[in-house]
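# An overview of the molecular structure
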Amino acid sequence: MKRWLFLLSSLIVLLLLVSCGGAAEVTPTPIAPPATLETLENTAVAPTIAAPVPTTTLPPPPTIPPAATNTPEVTPEAAGLSLLTAADFGTDRNPLTGELVDDPAQLQRRPLAIKISNAPPSYVRPQSGLNSADWVFEHTSEASITRFTLILYGQDVDVVGPIRSARLIDVELPAIYDAALVFSGASVGVNQRLNASDFASRIIRSADPGYFRTGEDKPFEHTLYGRPAVFRQGLEALGLNTPPNFNGLLTFTSEPPAGGTPASSVAIDYQWETVAWRYDPSTGRYYRWAAGEPHLDGNTGEQVSAANIVVIAPFHVEDATICEQITNGVCTHLSVQIQLWGSGTGFILRDGQQYPVTWHREGRNDLLTFTNPDGTPFPLQIGNTWVQLVPTWYDDPVTVTE
């Protein structure tokens, strides 16, 4: 498999020697993945801006250890769980975390999707604002290194950063969360997709108020930070700092649902480093480790933690029309499109348990939601959520420990 992928990558690079430099952006057409896959399948729904057709068939998804296979015998309600549903939210409960907020006005403003660097560790860690986000998505950018998109909504935070450039996943995430996009820039191809998107009016660019340079003695690209309060002031001036319209509903409960198996930790090998989440029964949260070290939030010095860890592997496809990096006139890295639409299988960790789920995003502006094997909504633990997006070309990248 790895030799086949190497030969395929070599062929793509050779084609790019002819086409990438200076080629005009072409109108892409949608990718349709195979009808069925053995594990972690996802069915494609054409996005507003579709992806180019690959010249070969898609690789199979990675092998992720299966979660519990037993279907719950009773519904959560019948099991006595206190589910938070639409009637419980009102005006003072965050629909992305299930948490009550101190001031209902916090929920009457636009979410921010903020692009945060994750490499190299010596320059970017500890990043500021990780523990303040409602949701965080970690994804491969290129050359196997990862980058974050923070969804900041229910909490206030003074500073976030370092802020880096957007990727194709950021054409999707602001649409899911009805958010404004905060980023430092993008490649020509990604910029064209963002400018043509349905949230183009909500793009906050690095020349807008709210960004600042720290002046630290490190490479310039790792010194850009931002002030969310100022970003929202800019949105307010444009009449865009309005309450989000979340198209969908997440379900929450503080009690562990049935159907799980013990999961004290999960490790994801992203090749450039291994990320681990370890459960602490005393707090009921998972704590993040990166390359064997505790991963800290630069604002507080506290270790990054989450109430829910989502592990899914939507199709990852290199877009032959967009170069992310050119070295000596040759495109060395293509932009990676993560097809976070349709549905697919994966698992969620909460309360020291692992649960099999199906993720859903059928419409472009739909929330990312989850169901149990029997089709009922899967309840998240009240609190923040991290989503680990696993590339489909990795072999056996995920290890769960009981």
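Criteria and cut-off values
- Residue positions are counted from 1 within each chain, in the order its sequence is given.
- With pLDDT at 70 or above as the cut-off, local features in this predicted model cover only qualifying residues; side-chain atom pairs require 80 or more to be listed or tallied, and sums for whole chains, interfaces and linings still use all residues.
- Water and hydrogen atoms play no part in the side-chain values, which are based on all heavy atoms of the structure.
- Helix numbering and strand numbering both begin at the N terminus, where a helix is a DSSP run of H or I of at least 4 residues and a strand a DSSP run of E of at least 2.
- Buried residues are those whose accessible area, probed at 1.4 Å on protein chains only, stays under 20% of the maximum for their type, while exposed residues exceed 50% and partly exposed ones sit between those limits.
- Should any heavy atoms of two residues lie within 4.5 Å, those residues are considered in contact.
- For this analysis, a salt bridge means a side-chain nitrogen from Lys or Arg found within 4 Å of a carboxyl oxygen belonging to Asp or Glu.
- Only Phe, Tyr and Trp rings take part, Trp by its six-membered ring, and two of them pair if their centres are within 6.5 Å. Stacked means planes under 30 degrees apart, edge-to-face means over 60, and tilted covers everything else.
- Two conditions define a charge located above a ring, namely a distance within 6 Å from the ring centre to NZ of Lys or CZ of Arg, and an angle within 35 degrees of the ring normal.

## Observations regarding unusual backbone geometry
In this chain, Ala-119 is followed by Pro-120 through a cis amide linkage whose omega measures -5 degrees. In this structure, Pro-120 sits in the loop between strand E2 (112–116) and helix H3 (121–124). Of the consecutive residues Gly-161 and Pro-162, the connecting peptide bond is found in the cis state with omega at 0 degrees. Within the secondary structure, Pro-162 is located in the loop between strand E4 (146–152) and helix H4 (173–176). Phi angles above zero are rare outside glycine, and Asn-328 is one such case at about 55 degrees. Residue placement: Asn-328 occurs in the loop between strand E17 (316–327) and strand E18 (330–338). In this structure Asn-328 comes out as exposed when scored by relative accessible area, which is 79%.

## Regarding helix H5 (residues 188–195)
Those residues of H5 that fall on the buried side of the exposure criterion are Gly-189, Val-190, Asn-191, Arg-193 and Leu-194. Residues of H5 that are buried in the fold lie against strand E5 (180–182), strand E6 (203–204), E17 and E18.

## Focus: the pattern of salt bridges
By the definition in use, this model includes 13 salt bridges. A salt bridge links Lys-115 to Asp-170; the nearest nitrogen and oxygen atoms lie 2.8 Å apart. In this pair, Lys-115 sits in strand E2 while Asp-170 sits in the loop between E4 and H4, placing the two residues 55 residues apart along the sequence. Across the pair, exposure class does not vary: Lys-115 and Asp-170 are buried alike. Measuring nitrogen to oxygen at the nearest pair gives 2.4 Å for the salt bridge that ties Arg-350 to Asp-351.

## Things to note about the packing of aromatic side chains
Tallied over the full model, the rule gives 12 aromatic pairs. Taking the centre distance of 4.8 Å and the plane angle of 55 degrees together, the rings of Tyr-211 and Phe-231 count as tilted. With Tyr-211 in strand E7 (residues 211–213) and Phe-231 in helix H6 (residues 228–237), the pair connects residues that are 20 residues apart, well separated along the chain. With relative accessibility at 13%, the residue Tyr-211 sits in the buried group. An aromatic cluster of three or more residues is present, and its members are Trp-135, Phe-137, Tyr-177 and Phe-370. We note Arg-278 situated over the ring of Trp-289; from NZ or CZ to the ring centre the distance is 4.1 Å.

Note that all results are geometric; they support no functional claim without further evidence.
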